[in-house]
Amino acid sequence: MRKPIIAGNWKMNKTNAETKTMITELLPLVANADCEVVLCTPFTALATAVEAAKGSNVKIGAENVHFAKSGAYTGEISAEMLVELGVEYVIIGHSERRQYFAETDTTVNQRTIAALEAGLKTMVCCGETLAEREAGNTEKVNERQILGAFEGFTADMFANVVVAYEPVWAIGTGVTATDEEANATVGYIRSVVAKRFGNDVADRLRIQYGGSMNPKNVKGLMAKPEIDGGLIGGASLNAEDFSKVVNFNA
Ligand code: 13P
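Fair warning: this is a prediction, and the values are worked out from it, not measured in the lab. (Residues numbered from 1 in each chain as written. Predicted model: local features only at pLDDT ≥ 70, side-chain atom pairs only at ≥ 80, totals over all residues. Heavy atoms only, no water.)

Engineer: Describe in detail the site of the ligand, supporting the description with residues and values.
Structural biologist: Every one of the 13 residues lining the ligand counts as a neighbour, but Lys11, His94, Gly172, Ser212 and Gly234 are closest to it. At a separation of 3.0 Å, an oxygen atom of the ligand approaches a polar side-chain atom of Asn9. Protein chains bury 95% of the 310 Å² of accessible surface belonging to the ligand in isolation. Of the residues that constitute the shell around the ligand, the class distribution is four nonpolar, seven polar and two charged. (Near = heavy atom within 4 Å. Polar contact = N/O pair within 3.5 Å; in protein donor to acceptor, adjacent residues only side chain to side chain. Areas by Shrake-Rupley, 256 points an atom, 1.4 Å probe, with all protein chains shown as cover. Nonpolar A, V, L, I, M, F, W, Y, C, P; charged D, E, K, R; others polar.)

In structure tokens form, the structure reads like this:
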């Protein structure tokens, strides 16, 4: 019922030349994908990525967006600017932005609303740190982040929302949450959404897992009933690896 979505997050990687090479290599490998395919690139590579992916089944996303429509925000990029480039998706509230760039639940909420109003689809991230998990606060932290991200939302605002559950301890570490751990927390996140916004919203909401997802572990994770996709960092930088994740069902 929920169409799987596999998205790459390149983070601060790839020049325009590398972007063109990688996407050209990737397109034939994922042309028959059974899921929605998204690649999120640095702002500087977006125009090249949109051009390279034109006419294909690969959609292009950004990795952040500012919440204001325009104004004195040196160095920032608005949702309208992304839409103009042909960008369809945007990642919001990634843990690296929370950790290094003072992102808060409030700014995640503001960015998500600005992105949706401009017609972008959003991948809104949540996830606990190792210390939070070890203190037994996994559910509390994810609940706070989810309710914060969607503060003031009504059911109809979820049409273009995807959630990405990314336990911080699993990002870039090679340590993946077990299939069961990931499924349990994603299920918990869905229950939080159901309680606040209703079962319909929760049943339709796609929730990705992210954190060291790769060609080897994708099948097990995607077989879990609560997990609707993946947000892939390291393994999205290489066309062959990313195509294997995308074609997890093949
Ligand atoms: P890795 O796949 O490199 O662990 O990164 C996950 C991630 O942060 C995707 O947004």
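Engineer: Which residues make up the side chain of Thr112, and what are the values?
Structural biologist: Along the polypeptide, Thr112 turns up in helix H5 (residues 105-117). The residues touching Thr112, leaving out its near neighbours within four places in the chain, are Ile92, Thr122, Val124, Phe150 and Phe153. (Helix = DSSP H or I, 4+ residues; strand = E, 2+ residues; numbered from the N terminus. Contact = heavy atoms within 4.5 Å.)

Engineer: Mind laying out the pairing of strand S1 (residues 5-9), listing which residues take part and the relevant values?
Structural biologist: Among the five residues of S1, five are classified as buried, and the element is accordingly described as predominantly covered. Going residue by residue along S1, you find Ile5, Ala7 and Asn9 tucked away on one face and Ile6 and Gly8 tucked away on the opposite face as well. Taken together, S1, helix H1 (residues 16-30) and strand S2 (residues 36-40) form a β-α-β motif whose crossover is right-handed. Note that S1 and strand S8 (residues 229-232) share four bridges and pair parallel. Bridge pairing in S8 links Gly8 to Ile232. (Buried < 20%, exposed > 50% of the residue type's maximum accessible area, 1.4 Å probe, protein only. Right-handed = clockwise from strand over helix to strand, strands pointing away. Pairing = 2+ DSSP bridges.)

Engineer: So, the environment of Lys216: which residues are in play, and what are the values?
Structural biologist: Mapped onto the elements, Lys216 comes out in the loop between strand S7 (206-210) and helix H10 (218-222). Distance in space between the C-alpha atoms of Lys216 and Thr173 is 15 Å, their sequence separation being 43 residues.

Engineer: If you had to explain helix H11 (residues 239-246) to someone new, which residues and values would you point to?
Structural biologist: Of the positions making up H11, those classed as buried are Ala239, Phe242, Ser243, Val245 and Val246. What you see down the axis of H11 is that its buried residues fit within an arc of 155 degrees, all on one side. Buried positions along H11 lie against S1, H1, S2, H10 and S8. Sitting at the head of H11, Asn238 places a side-chain oxygen 3.0 Å from the backbone nitrogen of Glu240. (Arc of directions from axis to C-beta.)

Engineer: Hey, could you go over the nonpolar core for me, with residue numbers and the actual values?
Structural biologist: Soluble globular proteins: nonpolar side chains tend toward being buried together. Among the nonpolar cores identified, the biggest contains 67 residues, and Ile6, Leu39, Ile60, Phe150, Val163, Tyr209 and Phe242 are the most heavily contacted of them. If one sorts the elements of this core by residue count, helix H8 (residues 179-197) sits on top with eight residues. With residues near it in sequence (within four places) discarded, Ile60 still touches Ile23, Val38, Leu39, Leu46, Ala49, Val50, Ala53, Val87, Glu88 and Tyr89. Residues Ala7, Val38, Cys40 and Leu231 belong to the second largest nonpolar core, which totals eleven residues. (Core = buried A, V, L, I, M, F, W, Y, C linked by side-chain atoms within 4.5 Å.)

Engineer: Give me the state of the cysteines: which residues, what numbers.
Structural biologist: One way to say it: the disulfide is the covalent bond shared by the sulfur atoms of two cysteines. In total, this model carries zero disulfides according to the counting rule given. With no disulfide of its own, Cys35 lies closest to Cys40 among cysteine sulfurs, the gap being 14 Å. The buried category is assigned to Cys35, whose relative accessible area is 6%. In this structure Cys40 is a free cysteine whose sulfur lies 9.1 Å from that of Cys125, the closest cysteine sulfur available. Using a relative accessible area of 0% as the deciding quantity, one classes Cys40 as buried. (Disulfide = S-S within 2.5 Å.)

Engineer: Describe unusual backbone geometry, with residues and values.
Structural biologist: With a phi close to 85 degrees, Lys14 is a non-glycine residue in the positive phi region. Under the relative-accessibility criterion, Lys14 is labelled partly exposed at 22%.

Engineer: Describe the pattern of salt bridges, naming the residues involved and giving the relevant values.
Structural biologist: Working definition: two side chains of opposite charge can pair if their charged atoms are close together. This structure, assessed with the given rule, holds 15 salt bridges. The shortest N-O distance in the salt bridge between Arg206 and Glu36 comes to 2.8 Å. With Arg206 in strand S7 and Glu36 in strand S2, this residue pair connects regions lying 170 residues apart in the sequence. Comparing Arg206 with Glu36, the two get one shared label, buried. Its salt-bridge partner being Arg133, residue Glu128 comes within 2.9 Å of it at the nearest N-O pair. Here the residues in one salt-bridge network are Arg2, Arg190, Glu226 and Asp228, joined through shared partners. (Salt bridge = Lys/Arg side-chain N within 4 Å of Asp/Glu carboxyl O.)

Engineer: Give a description of the sheet that holds S7 that names residues and reports values.
Structural biologist: Strand order in the closed barrel made by the eight strands is S1-S2-S3-S4-S5-S6-S7-S8, with parallel pairing throughout. Taken pair by pair, the neighbouring strands of this sheet meet at an average axis angle of 25 degrees, ignoring direction. Bridge analysis of S2 against strand S3 (residues 58-62) gives four bridges, and the strand direction is parallel. Looking at the pairing, Leu39 lines up with Ile60 of S3. The sheet strands contacting H8 are strand S5 (121-126), strand S6 (161-165) and S7, and the helix crosses S6 at an angle near 140 degrees. (Axes fitted to C-alpha atoms, helices over the stretch in contact; angles between N-to-C directions.)

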